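Residue-level listing of the chains:
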Amino acid sequence: MALQCGIVGLPNVGKSTLFNCLSNAKAQAANFPFCTIEPNVGVITVPDERLNKLAELINPNRIVPTTVEIVDIAGLVKGASKGEGLGNKFLANIRETDAIIHVLRCFDDDNVTHVDGSVDPVRDKEIIDAELQIKDLETVEQRIQRVQKQATTGGDKAAKLQYEVLCKYRDVLQQGKSARSVTFETKDEQKAAKELFLLTSKPVLYVCNVDEKSAINGNKYVDQVREAIKEENAELLIVAARTEADIAELETYEDRQMFLAEVGLEESGVARLIKSAYALLNLETYITAGVQEVRAWTYHKGWKAPQCAGVIHTDFEKGFIRAEVIKYEDYIKYGSEAAVREAGKLSVEGKEYVVQDGDIMHFRFNV
């Protein structure tokens with residue numbers, strides 16, 4: 001399930017520093033290497049403490065975490081929607097991603113030049129928003145021209161529905177708002193909206209890149225961003241990229257934990273960022289656990305048992321009979337699958353079971 005988050009931002013906001021820190025994400029969850037697909041694409045391990053705790057009980061031959069792809073997209077400049085700078089490549093790269101991590105500079109440093117001469121994360125955000133909104137507005141208006149006649153004079157219900165969705169998007173985009181600020185009530189509307197693949201409809205996580213002393217509580221710049229996005233249906237995360245770079249250079253887990261404790265953090269910003277990116281993609285994890293391996297499997301939130309079985313192999317979905325499910329907390333409490341069974345805490349679920357994050361699954365199938 002190769003879903004991607006794209007890291008975007010103006011030049012010199014700490015975007016590449018953050019991406020390079022992510023390249024050392026193996027430090028956050030066992031010894032699994034960062035893998036580069038292209039110079040700017042990385043497959044990054046999703047930290048999951050549950051795997052290590054299960055491994056302590058089971059002592060498996062290996063642990064296999066789940067992953068997410070992160071794309072470091074070239075810095076955007078004003079005029080990108082008209083092809084300025086690397087504008088066309090930038091917009092094409094964003095269109096290919098499933099979600100956006102938008103890095104904003106929220107620190108003062110005279111040694112790091114800002115492309116616009118001063119630190120103003122809200123202005124920076126608005127520059128990128130405007131370029132993406134302009135491109136989306138072009139897309140929407142072109143689509144409206146195509147379907148308007150069918151929608152208003154003919155009896156084409158699909159065209160009418162698409163036209164109504166497009167008009168809602170056009171209204172907000174003309175107001176300088178992003179497409180994600182529009183909510184659709186019906187499933188048909190939601191489906192029509194999704195098929196437009198608008199840049200500003202993608203879920204977004206704003207990452208405020210701060211100095212070390214602001215890593216816990218943020219600062220005035222973070223407060224400004226928080227106020228600016230309050231109506232956007234978007235998440236915000238505070239990360240000190242330079243501090244994360246220092247953490248990434250430390251060799252042992254113990255040294256990294258000691259460093260985190262010294263700066264007052266329970267978990268590194270990189271680990272929080274990866275987890276947030278995973279959630280941003282609406283993904284969750286179920287686990288298979290045995291002596292051969294303890295393994296995390298990625299599925300979309302809301303999927304039922306047969307769909308989740310299909311993540312392992314399509315035959316599992318085609319021939320699905322039932323799923324044996326143990327809640328993670330019960331496995332930890334009782335210490336083994338046998339003890340869970342004896343306590344009556346293993347449930348047998350059918351095709352309508354909605355899998356929950358952290359479920360330990362065993363599928364029965366026949367093909």
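Calculation rules
Residues numbered from 1 in each chain as written. Predicted model: local features only at pLDDT ≥ 70, side-chain atom pairs only at ≥ 80, totals over all residues. Heavy atoms only, no water. Helix = DSSP H or I, 4+ residues; strand = E, 2+ residues; numbered from the N terminus. Buried < 20%, exposed > 50% of the residue type's maximum accessible area, 1.4 Å probe, protein only. Contact = heavy atoms within 4.5 Å. Areas by Shrake-Rupley, 256 points an atom, 1.4 Å probe, with all protein chains shown as cover. Salt bridge = Lys/Arg side-chain N within 4 Å of Asp/Glu carboxyl O. Axes fitted to C-alpha atoms, helices over the stretch in contact; angles between N-to-C directions. Left-handed = near helix turned anticlockwise from the far one by under 90°. Nonpolar A, V, L, I, M, F, W, Y, C, P; charged D, E, K, R; others polar. Phe/Tyr/Trp six-rings, centres within 6.5 Å; stacked < 30°, edge-to-face > 60°. Lys NZ or Arg CZ within 6 Å of the ring centre and 35° of its normal. Polar contact = N/O pair within 3.5 Å; in protein donor to acceptor, adjacent residues only side chain to side chain. Parallel < 35°, antiparallel > 145°, perpendicular 65-115°, else oblique. Pairing = 2+ DSSP bridges. Right-handed = clockwise from strand over helix to strand, strands pointing away. Arc of directions from axis to C-beta.

Trainee: Is there a simple way to think about the overall build of the chain in this case?
Mentor: What the chain contains, in helices and strands, is 14 helices and 13 strands. Here the chain holds 367 residues, and 49% of them are scored as buried. For the chain, restricting intrachain contacts to residue pairs at least 6 apart in sequence, the fraction spanning at least 24 positions comes to 69%. Accessible surface computed for the chain: about 18400 Å², of which carbon and sulfur atoms make up 47%.

Trainee: Help me out: how do you make sense of the pattern of salt bridges in this one?
Mentor: Opposite charge on two side chains permits pairing when their charged atoms draw close. Here the structure, examined in full by the defined rule, presents 22 salt bridges. Its salt-bridge partner being lysine 125, residue aspartate 129 comes within 2.4 Å of it at the nearest N-O pair. Here the residue aspartate 129 and the residue lysine 125 both occupy positions in helix H4 (residues 121–153), the gap between them amounting to four residues, near one helical turn. Lysine 125 carries the same exposure label as aspartate 129, and that label is buried. Residue lysine 160 pairs with glutamate 164 through a salt bridge whose shortest N-O separation is 2.6 Å. Taken as a pair, lysine 160 and glutamate 164 lie in helix H5 (residues 157–174) at a separation of four residues, close to a single helical turn.

Trainee: Help me understand the packing of H4 against H5, please; the structure alone is not making it clear to me.
Mentor: A pair of packed helices is captured by two measures, namely the crossing angle of their axes and the spacing between those axes. Relative orientation of the contacting elements H4 and H5 amounts to 150°, with a least axis distance of 8 Å. Classified by chirality, the crossing of H5 by H4 is left-handed. Where H4 abuts H5, its residues Gln133, Asp136, Leu137, Val140, Glu141, Arg143, Ile144, Val147, Gln148, Gln150, Ala151 and Thr152 lie against Ala159, Lys160, Gln162, Tyr163, Leu166, Cys167, Tyr169, Arg170, Leu173 and Gln174. For the contact of H4 with H5, the class distribution of residues is 11 nonpolar, six polar and five charged.

Trainee: Would you mind going over the packing of aromatic side chains with me for this structure?
Mentor: Two numbers describe a pair of aromatic rings. These are the distance of the centres and the angle of the planes. The tally for this structure, following the rule as stated, stands at five aromatic pairs. Members of the aromatic cluster, connected to one another through ring pairs, are Tyr286, Tyr299, Phe320 and Phe363. Cation over ring: arginine 105 sits above phenylalanine 107, and NZ or CZ is 4.4 Å from the ring centre. Over the face of the ring belonging to tryptophan 297 we find arginine 295, whose NZ or CZ atom lies 4.2 Å from the ring centre.

Trainee: Honestly, the environment of glutamate 349 in this entry has me stumped. Any pointers?
Mentor: As for its placement among the helices and strands, glutamate 349 is situated in strand S12 (residues 347–349). Among residues more than four places away in sequence, those in contact with glutamate 349 are Phe320, Arg322, Ala323 and Val325. Among the polar contacts listed, one links the side chain of glutamate 349 to the side chain of serine 347, at a separation of 3.1 Å.

Trainee: What should I look at first to understand the environment of glutamate 69 in this one?
Mentor: Note that glutamate 69 resides in strand S5 (residues 67–72). Separated by 209 residues in the primary sequence, glutamate 69 and tyrosine 278 have C-alpha atoms spaced 9.4 Å apart.

Trainee: Quick question: what am I supposed to make of the packing of helix H1 (residues 15–22) against helix H10 (residues 269–280) here?
Mentor: Relative to each other, H1 and H10 sit at 90°, their axes nearing to 10 Å. Looking at the two axes, H1 sits roughly perpendicular to H10. Where H1 abuts H10, its residues Leu18, Cys21 and Leu22 lie against Val270, Leu273 and Ile274.

Trainee: How should the pairing of strand S7 (residues 204–209) be read in this particular structure?
Mentor: Here is the key point about a regular strand: its side chains alternate between the two faces of the sheet. Counting buried residues in S7 gives six out of six residues, a clear majority hidden from the surface. Of the two faces of S7, the one holding Val204, Tyr206 and Cys208 and the one holding Leu205, Val207 and Asn209 are both buried throughout. The pairing of strand S6 (residues 99–105) with S7 spans six bridges and is parallel. Counted as the bridge partner of arginine 105 is asparagine 209 from S7. Alignment of S7 against strand S8 (residues 235–239), held across five bridges, turns out to be parallel. What sits directly across from tyrosine 206, in S8, is leucine 236. Remark: the S7/helix H7 (residues 220–228)/S8 crossover connection has right-handed handedness.

Trainee: What's the story with the side chain of aspartate 129 in this structure? I'm lost.
Mentor: Residue aspartate 129 is classed as buried on the basis of its relative accessible area of 8%. Residues contacting aspartate 129, with those up to four places away along its chain left out, are Ser178, Tyr206 and Glu232.

Trainee: What exactly am I supposed to notice about the environment of isoleucine 247 here?
Mentor: Position of isoleucine 247 among the secondary structure elements: in helix H8 (residues 241–249). What makes isoleucine 247 buried here is its relative accessible area of 2%. Taking the C-alpha atoms as reference points, isoleucine 247 and methionine 258, 11 residues apart in sequence, are found 9.8 Å from one another. Every residue in contact with isoleucine 247, bar those within four places of it in the chain, is listed here: Arg256, Phe259 and Leu260.

Trainee: What's the story with helix H9 (residues 253–263) in this structure? I'm lost.
Mentor: An α-helical segment advances 3.6 residues per turn. Residues three or four places apart therefore align on the same side. Burial in H9 covers these residues: Arg256, Phe259, Leu260 and Val263. Buried residues in H9, looked at end-on, bunch into an arc of 100°, giving them a common side. Summarising the geometry of H9, the exposed residues directed more than 90 degrees from the buried face are Glu254, Met258, Ala261 and Glu262. Packing partners of the buried residues in H9 comprise H8. Of the residues flanking the end of H9, it is glycine 264, one or two places downstream, whose phi is positive at about 85°.

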